[in-house]
Amino acid sequence: MDCVSPVLDILTRLWDCTATNSSYIRHLKKNLKSLSEARRELEDLSEDVNRRVEEEEQQQRKRKKVVQGWLDAVESQIKEVDVILRKGEEEVPKKCLGSCCIYNCYSGYKIGKKVINKIRDVKELIKKGEIFENLQVTYKLPRPTVDGMVMEETVGFDSMLDEVWGHIADYRCRIIGLYGIGGVGKTTLLKKLNNKFLDINHHFDLVIWAAVSKEANLEKIQEAIRKKLNISDQMWKNKGEEDKATEILISLRSKRFVLLLDDVWERLDLSKIGVSLYDNQNGSKIVFTTRSQEVCGQMGAHRRFKVECLSPEASMDLFRLTVGEDVFNSHPEIPRLAQIVVEECQGLPLALITVARAMSSRRGPREWQHAIDELQSNPFRFAEHNIRKDELIELWVAEGFLNRADPRNEGEYIIGSLELACLLEKGEYSEDFVVMHDVIRDMALWLASNECKIVVLEDDKSSQQNKSDDFKEAFRVSVWGSGVEILREAPSCPQLRTLLIRFSELEKFPSRFAKSMHALAVLDLSYNLDLVKLPEAIGKLINLCYLNLSNTRIGQLPTGITYLKNLKILRLDGMRYLAFVPCQVISSLSSLQVFSWFSTELVELHYVDSTSVLAELESLENIHDISVTLCNVDAVNRVKSSPKLQSCIKRLAVVLMASFLLPLDLRMDHLETLEIDRCSLESKNDYFGDQGRTRTYCFRNLRHLSVKTCPCMTDLKWIRYAPNLQFLYVSYCPRLSEIIGTYESPGTSEIEESQDFFSNLMVIDLRHLPSLTSICCGVVPFPSLQTISVNGCPSLRKLPLNSGSAKNSLNAIRGSREWWDRLEWEDEDTRNVFASKFLEL
């Protein structure tokens, strides 16, 4: 038995070896199938992983080396598997165990063994690849310093871009605001600034762009900054707004950055975002765009740039660029028509681009002419129309837009907000006027028309076609110029609330209109120079709140006005043919708040009998705003004896008074405008009450002062009692020798300085004052002064200026060359400072 066991052991091992080796051959077909299935599984997994990698690589990420190594191994393995599968398929038909060929047995064994080994290798790769399902296959690339912004070619921004870039280089200027009306190109300018960082060497570590928009989303802004800073998702997710702000603050603290914020509508609390220039003193910058100049101040901008409309030349360049040269030159008439289109767009880039794109496929002059007709007639344009702020506020009151106890303050606030938002601009004449850009006005009309029917007619008679039917449903109607012709055929307007007929050829207001417009609240017939009469039916307008008849030729008010019990505002300015107002007309207007019978820029009122009108105004409970002209002693005495009238008069004209003593003992705190014309006013108004050395401001709100043709006047020392005076006009006063000069306070020997009296003065206009030698004693800072005009004042040899006067405000000194050359100056430096401001009359 001892020799049998070893033999059996050897035989067993030989059998096992033979059985194993023979299985390579016997199970070759089945193993080939298993290998093919494993190959398919590996290939599918490889495609899934590669798809994930490619998708993530589109998001500024890069594949990990271990992933790429696995994909390379898969590619190599599949090639080897394909070779083995092909050879195995060739070996299966030979069935070497069914034959006696030793070679076939060996080759079948050899390929069978490779199949088994390759199945193991493939499954091992599959196991490694399955791990990637739960792991990151890529990592995030560091973002470039600047992400370029895609934009079309632009025109007209280079000079402003260079100016803004100059302040980017200024270490002291950390916050820059770009403001302007919508569509003027603020975002375009900011994009150009962003892309300039790509082209020029700079010292910033990164440039960040974030869109803000009207409904500012702080988390959205934080996300834009986070991506630029490469803060990982793991560190970011599940954090609140404050924690995110802290993370951003820490990341930015060590970097010199530029943050570009587009379309800021209101103040952003940058600390809540995680941005602080005070924690970062290395020259980082914030540049933002906004429609509001007020936001520039709220954001603490060290430098503000107003983005203006394009020049006519740049406008045409942009239009041609957008419409395309092939279209622009497709017909000889198109360049001329294109010029008209460009003029209609008023230099606003958004309008130019929008219209140019619409015309970019139009090659016929008739199509272009039709586009011009549409632009000119719908919506309406009336270029550069200035309107007084007071009138605008009064219209809002009549429309019911202002309901507070003090509508003037509310209205001024709204106008200021619109100016800061660049929706209104300062008027041509003074800050008392505003004007709206044509394109903005068109947009406003379009927006308002979505809420109620608005009809606007102008001079172009083609715009009147098909408008008649619109009157039936109209809520507001505005008519200018020859557009008034349509009123002859227009139907009744039962829903009409506002009717403005201005600067037209209206001769008579139709009675049928007055009888049918029971809802009318606003009627403005001003500047109709041919209008001579109002119908008695005007009294049918029982809901009328606003009536403006200024600058018409109406000679008598109809008694029907007495029925207008809801009338709040009555304007009779510049009505030279209205010599008097019938008794009991004014006193019957129980709701009247504003009454104006004053001169205008077109018509000066030389003589009106306002005595009885003042008495009736005094009896009205709600009156608070009066503009009136005084032409006789009785009218002056009525004002002097009535504290109520004194507190209500806003504009006062004193005309043709043989002997007039300026009532400086009165407290006319509401007075804003004072005009004195052809009066024997002397400088004897030294009555200031028993105030001693206490300065009394009896004209504390006076802003406009006009004095002309007063032959006895020698000075205007009393204007020291008007601390807020802004506009001073003096003319044809032959004896006037000084404006303020040196003044000794009553009851004291103290000499008052004149410097404080002109802190708000903006305009000085002096004409035909042959005796004038001095404006005031000494040198005055004039911090608000914009213009000095001197004409016919040969004795005025010196201006109260030094090199520091009106340093940041003065625009011009106007006068004759002879007068300028004879002026005496404190020193040569002062003369040189103001030489560049001189404009010869």
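- Looking at an unreviewed UniProt entry, one finds the protein chain named Disease resistance protein, with Citrus sinensis as its source organism.

**Here we look at the packing of aromatic side chains**
- Inspection of every chain in the model, using the stated rule, returns 10 aromatic pairs.
- When the centroid spacing of 5.5 Å and the interplanar angle of 25° are considered together, the rings of Phe 758 and Phe 782 count as stacked. Of the two residues, Phe 758 is situated in the loop between strand 25 (751-752) and strand 26 (763-767) and Phe 782 in the loop between strand 27 (774-776) and strand 28 (787-791); the sequence distance between them amounts to 24 residues.
- A relative accessible area of 1% places Phe 782 in the buried class.
- Within the aromatic cluster, the residues linked to one another by ring pairs are Trp 820, Trp 825, Phe 834 and Phe 838.
- Positioned over the ring face of Phe 305 is Arg 303, at 4.3 Å from the centre of the ring.
- Taking NZ or CZ as reference, Arg 553 lies 5.4 Å from the ring centre of Tyr 577, over its face.

**Concerning the side chain of Ser 706**
- Along the chain, Ser 706 falls in strand 21 (residues 704-708).
- Discounting chain neighbours no more than four positions away, the residues touching Ser 706 are Leu 674, Glu 675, Ile 676 and Tyr 729.

**Notes on the environment of Asp 233**
- Along the polypeptide, Asp 233 turns up in helix 8 (residues 233-236).
- A distance of 2.7 Å separates polar atoms of two side chains, one belonging to Asp 233 and the other to Arg 226.

**Structural notes on the pattern of salt bridges**
- Per the stated rule, a full pass over the model turns up 37 salt bridges.
- Asp 121 is paired through a salt bridge with Lys 118; the nearest N and O atoms lie 3.9 Å apart. Here Lys 118 and Asp 121 lie together in helix 4 (residues 102-130), a separation of 3 residues that amounts to about one turn.
- Accessibility expressed as a relative area gives 8% for Lys 118, which makes it buried.

**So, the pairing of strand 18 (residues 625-630)**
- Extensive coverage of strand 18 is indicated by the burial of 6 of its 6 residues.
- Here strand 18 shows two buried faces, one formed by Asp 625, Ser 627 and Thr 629 and the other by Ile 626, Val 628 and Leu 630.
- Pairing analysis gives 3 bridges linking strand 17 (residues 594-596) to strand 18, with the strands arranged parallel. Bridge pairing links Ser 596 to Ser 627 in strand 18.
- Sheet topology places strand 18 next to strand 19 (residues 649-655); 5 bridges connect them, and they run parallel. Counterpart to Leu 630 in the pairing with strand 19 is Val 654.

**Let's talk about the sheet that holds strand 5 (residues 257-264)**
- The 5 strands lie next to each other as 4-5-6-3-7, forming an open sheet whose pairing is parallel. In the strand order of this sheet, the two ends are held by strand 4 (206-213) and strand 7 (303-306), each with one partner. Across the sheet, the mean angle separating the axes of adjacent strands is 15° when strand polarity is ignored.
- The pairing of strand 3 (residues 175-179) with strand 7 spans 4 bridges and is classified as parallel. Across the sheet, residue Leu 178 finds its bridge partner in strand 7, namely Phe 305.
- Sitting on the sheet, helix 6 (residues 186-199) touches strand 3, strand 4, strand 5 and strand 6 (285-290), and the angle it makes with strand 5 is about 165°.

**Description of the packing of helix 12 (residues 312-323) against helix 14 (residues 334-344)**
- One can describe the packing of helix 12 onto helix 14 by two numbers: an axis separation of 10 Å at closest approach and a directional angle of 115°. Every pair of crossing elements has a handedness; the one defined by helix 12 and helix 14 is right-handed. Within the contact between the two elements, helix 12 uses Ser 315, Met 316 and Phe 319 and helix 14 uses Ala 338, Gln 339, Val 341 and Val 342.
- Tallied by class, residues from the contact of helix 12 with helix 14 come to 5 nonpolar, 2 polar and no charged.

**A few points about a positive patch on the surface**
- A surface patch of like charges, here positive, comprises Arg 86, Lys 87, Lys 110 and Lys 114.
- Of all the elements in the fold, those that place two or more residues in the positive patch are helix 3 (65-91) and helix 4.

**A look at the environment of Pro 558**
- For Pro 558, the location among the structural elements is in the loop between strand 15 (546-548) and strand 16 (569-571).
- Put simply, Pro 558 and Lys 533 are 25 residues apart on the chain and 8.4 Å apart in space, counted from C-alpha to C-alpha.
- Apart from the residues lying within four places of it in its own chain, the contact partners of Pro 558 are Leu 534, Pro 535, Glu 536 and Ile 538.

**Considerations on the confidence of the model for the protein chain**
- Averaged over all residues, the pLDDT of the protein chain equals 81, while 84% of them reach at least 70.
- Within the protein chain, no element has a lower average pLDDT than strand 25, which sits at 44, and none a higher one than strand 15, at 96.
- Note that pLDDT drops below 50 for residues 684-695; the model gives that stretch 17 contacts with residues more than four away or on any other chain.

**What to know about the packing of helix 7 (residues 218-229) against helix 9 (residues 241-253)**
- At a minimum axis distance of 10 Å, the contact between helix 7 and helix 9 shows a crossing angle of 35°. For the element pair helix 7 and helix 9, the recorded crossing hand is left-handed. Contacts between helix 7 and helix 9 pair Leu 218, Glu 219, Gln 222, Ile 225 and Leu 229 from the former with Glu 241, Lys 244, Ala 245, Ile 248, Ser 251 and Leu 252 from the latter.
- Across the contact of helix 7 with helix 9, the residue classes break down as 6 nonpolar, 2 polar and 3 charged.

**Things to note about the sheet that holds strand 10 (residues 433-435)**
- Pairing is antiparallel in the open sheet, where 3 strands are placed in the order 8-10-9. Of all the strands in the sheet, the pair left with one neighbour each is strand 8 (387-388) and strand 9 (425-426).
- Across 2 bridges, strand 8 lies against strand 10 in antiparallel orientation. Bridged to Arg 388 within strand 10 is Phe 433.

**Looking at the side chain of Asp 432**
- Within the element layout of this structure, Asp 432 appears in the loop between strand 9 and strand 10.
- Among the polar contacts made by the side chain of Asp 432, one reaches the side chain of His 704 at a distance of 2.5 Å.
- Contact partners of Asp 432, with chain neighbours within four places excluded, come to Ile 387, Arg 388, Lys 389, Arg 703 and His 704.

**Section: helix 21 (residues 611-618)**
- Among the residues making up helix 21, those that are buried are Val 613, Leu 614, Glu 616 and Leu 617. Angular distribution of buried residues about the axis of helix 21 spans 165°; they occupy a single face of the element.
- Check the buried side of helix 21 and you find it contacts strand 17, strand 18, helix 22 (633-640) and helix 23 (643-648).

**Concerning the pairing of strand 12 (residues 476-481)**
- Where burial is concerned, most of strand 12 is hidden: 6 out of the 6 residues are buried.
- Looking at chain direction, strand 11 (residues 454-457) and strand 12 are connected through 4 bridges and run parallel. Paired with Ile 454 across the bridge in strand 12 is Arg 476.

**Remarks on unusual backbone geometry**
- In this structure, Asn 230 is a non-glycine residue whose phi angle is positive, near 60°.
- Among the structural elements, Asn 230 can be located in the loop between helix 7 and helix 8.
- In the Ramachandran plot, Gln 584 falls in the positive-phi region, its phi being about 70° despite a non-glycine side chain.
- You can see Gln 584 is positioned in the loop between strand 16 and strand 17.

What counts, and where the lines are drawn
- Numbering of residues begins from 1 in every chain and follows the order in which that chain's sequence is written.
- Confidence filtering applies because this is a predicted model: local features only for residues at pLDDT of at least 70, side-chain atom pairs given and counted only at 80 or more, and all residues used for totals across whole chains, interfaces and linings.
- Here the side-chain values reflect all heavy atoms present in the structure, with hydrogen atoms and water set aside.
- Here a Phe, Tyr or Trp ring, Trp counted by its six-membered ring, pairs with any other such ring whose centre lies within 6.5 Å, and the pair is stacked when the planes are under 30 degrees apart, edge-to-face when over 60, and tilted otherwise.
- Secondary structure elements are taken from DSSP: a helix is a run of H or I of four residues or more, a strand is a run of E of two residues or more, and numbering for both begins at the N terminus.
- Note on classification: 1.4 Å probe, protein chains only; a residue is buried when its accessible area is under 20% of the maximum for its type, exposed when over 50%, partly exposed between these limits.
- Geometrically, a charge over a ring is one whose NZ (Lys) or CZ (Arg) sits within 6 Å of the ring centre while staying within 35 degrees of the ring normal.
- Two residues qualify as a contact provided that any one of their heavy atoms is within 4.5 Å of a heavy atom in the partner residue.
- Identification of polar contacts relies on pairs of N or O atoms within 3.5 Å, with a donor-acceptor requirement for protein atoms, meaning one able to donate a hydrogen and the other able to accept it, and with residues adjacent in sequence counted only if both atoms are side-chain atoms.
- Basic side-chain nitrogens of Lys or Arg form a salt bridge, by our definition, when they fall within 4 Å of a carboxyl oxygen of Asp or Glu.
- Strands qualify as paired when DSSP identifies two bridges or more between them.
- Lines are fitted to the C-alpha atoms to define the axes, a helix being fitted only along its stretch in contact, and any angle between axes, read from their N-to-C directions, falls within 0 to 180 degrees.
- Note: crossing handedness is left-handed where the near helix turns anticlockwise from the far helix by less than a right angle, and right-handed where it turns clockwise.
- Under the scheme applied here, ten amino acids are nonpolar (Ala, Val, Leu, Ile, Met, Phe, Trp, Tyr, Cys and Pro), four are charged (Asp, Glu, Lys and Arg), and all others, including Gly, are polar.
- Only residues whose relative accessible area exceeds 30% and that form no salt bridge enter a patch; like-charged residues are grouped when within 9 Å of one another, and nonpolar side chains (Val, Leu, Ile, Met, Phe, Trp, Tyr) when within 5 Å.
- Accessible areas in this description were obtained via Shrake-Rupley with a 1.4 Å probe; residue shielding takes into account the shown protein chains only.
- Residues scored as charged are limited to Lys and Arg (positive) and Asp and Glu (negative), so that His and the chain ends carry no count.
- Charged groups are reduced to one reference atom each: NZ for lysine, CZ for arginine, CG for aspartic acid, CD for glutamic acid.
- Here pLDDT means the predictor's own confidence in every residue, given as a number from 0 to 100.
- Think of it as the arc spanned by the lines of direction from the helix axis to the C-beta atoms.

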